[in-house]
Amino acid sequence: MMRFVFLATAVALAHPVLPAAASEADGAANHAPLDAIVDEASNRSEVMRIAQYLTDVIGARLTNSPGMRAAEDWTAGKFRQWGMENVRKEGVEFGRGWSNSSVGARMVTPRRLQLTAAPLAWTPGTGGPVTAPVVVAPLLDEQSFASYRGKLKGRIVLVSGPRQIEDAIAPAFRRWTDEELAKRGEYDLPNGGEDDGSASLVRRIVFASARDAFLKEEGALAFVSMSGRDNKLVHGQYSGFEIGKTPAVPGFELAAEDYRRLVRLANMGASPTLELESKNAYHDEDGKTYSILADIPGANPRDGYILAGAHLDSWAVGDGAADNAAGVAVVMEAARIIKALNIRPRRTIRFALWAGEEQGLFGSLHYVETYVATRTVDPAVPAGLRRYAWAKSYPVIPGRDYRTLSVYFNMDNGSGRIRGINTQGNLGVVPLFRKWLAPFEAMGASTVSARRSPATDHFFFDAVGIPAFQFIQDPLDYASTVHHTDADTYDHLKSEDLRQSAIVLASILVEAANAPDLLPRVPLPTAPRAPDGQYPYPERRANR
Ligand SMILES: [Zn+2]
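Residues numbered from 1 in each chain as written. Predicted model: local features only at pLDDT ≥ 70, side-chain atom pairs only at ≥ 80, totals over all residues.

Trainee: So what about unusual backbone geometry? Which residues, and what values?
Mentor: Between Thr109 and the following residue, Pro110, the backbone shows a cis peptide bond with an omega angle of 5°. By secondary structure assignment, the location of Pro110 is in the loop between β2 (97–109) and β3 (113–114). At the junction of Tyr394 and Pro395, the peptide bond is cis and its omega measures out at 5° in the coordinates. Position of Pro395 relative to the elements: it lies in the loop between α11 (386–390) and β14 (396–398). Located in the positive-phi region is Asn64, a residue other than glycine, with phi close to 70°. By the secondary structure assignment, Asn64 is in the loop between α3 (47–58) and α4 (66–81). Judged by C-beta crowding, with 29 C-beta atoms within 10 Å, Asn64 ranks as buried. Even without being glycine, Gln424 reaches a positive phi, approximately 55°. With respect to the secondary-structure elements, Gln424 resides in the loop between β16 (418–422) and α12 (430–437). (Helix = DSSP H or I, 4+ residues; strand = E, 2+ residues; numbered from the N terminus. Buried ≥ 20, exposed ≤ 12 C-beta atoms within 10 Å, placed from the backbone.)

Trainee: Please set out the domain arrangement of the chain residue by residue, giving values where relevant.
Mentor: As assigned here, the chain comprises domain 1 (57–94 + 287–378 + 387–514) and domain 2 (97–283). When residues of the side of domain 1 that touches domain 2 are traced back to their parent elements, those giving at least two are β16, β17 (447–449) and α14 (478–482). Partitioned by chemical class, the residues of the side of domain 1 that touches domain 2 number 14 nonpolar, 12 polar and five charged. (Domains from an automatic or database assignment. Nonpolar A, V, L, I, M, F, W, Y, C, P; charged D, E, K, R; others polar.)

Trainee: Before we move on, can you summarise the sheet that holds β16 with the specific residues and values?
Mentor: Sheet architecture is open: eight strands sit in the order β1-β10-β12-β11-β15-β18-β16-β17, paired in mixed fashion. The strands lining the two open edges of the sheet, one partner per strand, are β1 (85–93) and β17. If you compare each strand with its neighbour and ignore which way they point, the axes differ by 25° on average. Bridge count between strand β15 (residues 405–410) and strand β18 (residues 468–473): three bridges; the pairing is parallel. Along β18, the bridge assignment pairs Tyr408 with Ala468. Strand contacts of helix α9 (residues 321–340): β10 (288–296), β11 (305–311) and β12 (348–354), with the helix running at about 145° to β11, the strand carrying the most contacts. (Pairing = 2+ DSSP bridges. Axes fitted to C-alpha atoms, helices over the stretch in contact; angles between N-to-C directions. Contact = placed C-beta atoms within 7 Å.)

Trainee: So, the pairing of β2: which residues are in play, and what are the values?
Mentor: In summary, the side chains of a regular strand alternate between the two faces of the sheet. Relative to strand β9 (residues 273–283), β2 is paired through 11 bridges, and the arrangement is antiparallel. The residue of β9 that forms the bridge with Ser99 is Ala281. Pairing analysis gives two bridges linking β2 to β3, with the strands arranged antiparallel. Within the sheet, the bridge partner assigned to Arg106 lies in β3 and is Gln114. Here β2 folds back onto β3, and the loop between the two strands holds three residues.

Quick look at the structure:
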């Protein structure tokens with residue numbers, strides 16, 4: 001009976017007459033109609049249908065590839081079909097599209113053997129089968145080039161240093177234990193100038209283009225790198241999407257087991273020969289990549305807006321299921337639920353499906369720069385590397401939406417259920433999130449941690465001081481198996497987890513949209529004073 005009474009209240013709140021005036025303060029009427037959300041998300045869920053269409057039907061969605069274009073249209077169509085408003089595409093200059101239609105790798109001597117390979121994204125195809133002896137030439141830095149000069153002509157070059165196989169001690173599939181979640185509450189004081197990982201990324205990009213030029217100059221036929229994971233998983237991640245920067249030599253990634261065998265055979269003098277073939281295409285009709293935006297308008301636009309998003313693009317192998325059809329499906333499902341329940345929030349709730357996340361957060365940075373805040377990057381930084389210098393350039397210059405965007409919630413941690421939220425060091429939001437997540441204790445989703453989440457589309461919002469968060473999610477097999485691999489398919493998505501995440505996200509969005517005030521924020525970031533040798537701070541990575 002109690003439950004019936006509560007549900008009846010919840011359903012009544014679902015009508016568009018939901019009080020939204022600022023004078024309502026934090027009254028119960030403004031809270032999310034929890035049981036109506038649970039009912040809609042459980043009994044009329046669309047989350048797996050959305051995920052299946054994005055993965056089985058559309059498949060990989062490499063930025064600017066035909067798959068990504070299809071996903072842009074399909075997701076925008078869904079938002080329109082659900083009655084969302086201002087559904088639009090916002091483009092940002094990216095570079096070349098790329099796709100692969102077939103790949104083959106065989107060892108032909110000393111014996112015939114099918115190998116597991118992925119073409120490296122943005123490398124050219126082979127233009128028919130290429131058969132040649134391999135040369136083991138670990139090209140790990142520019143100093144290593146000298147040792148192989150004059151030795152690569154007409155060869156297939158194995159460019160990685162062969163990493164040893166690792167004992168798979170860590171469980172391949174896991175969920176956070178209560179003890180692990182409890183430990184997440186620890187807070188580290190910010191040091192200023194934490195390593196955000198961008199410096200090593202820039203080194204990799206700059207080095208890849210130097211190595212490509214060296215391979216071309218030396219007359220190599222193709223190059224092969226080794227998978228960073230064991231168990232025959234391949235990724236195919238590479239750079240060179242900028243116009244005029246496309247790699248000149250066909251590139252492949254071989255499964256670690258296949259790569260090590262070739263190195264062993266070469267080292268014993270068995271001179272292995274490979275036959276490689278890739279059919280790759282570039283797509284240059286439109287250099288822009290497009291994020292999809294859609295709104296549920298607020299009752300009082302002067303109260304500002306909130307934002308929820310996930311990146312729609314993926315890498316080119318697998319179907320981009322856990323990364324990030326899962327996040328897209330949860331964000332879209334939360335939008336559908338709020339719309340289906342006719343909730344009229346005080347603030348506008350905007351949904352964003354970002355483009356170009358995997359190549360450096362293109363869509364979300366464009367949004368931040370256009371609407372939220374800008375920074376002046378040293379003009380000496382090359383255009384293609386500007387995004388890596390952006391978050392460390394000062395001052396931050398607030399833009400149009402700086403004072404009206406209350407919060408950004410991002411989903412990009414695979415298909416594991418929500419276990420809580422990381423507050424990015426923002427302590428002011430802790431009591432709010434504790435309150436908003438309290439009803440989800442029974443679903444295991446109530447942990448509030450001050451930690452920072454690894455860089456994804458919340459990063460540039462956070463970098464200008466906008467409250468921007470990722471949820472804590474169960475890891476499942478994300479790190480061990482599926483993240484960026486050919487195994488990232490629909491099979492690895494968990495329907496119970498995605499339904500739970502959609503419930504928690506929809507509820508948090510309604511709470512944030514109806515809250516009496518904008519979310520507490522950290523001060524406008526200014527350049528931190530670098531720690532000096534006399535008063536050293538412990539070194540730490542910003543992202544963990
Ligand atoms: Zn991702």
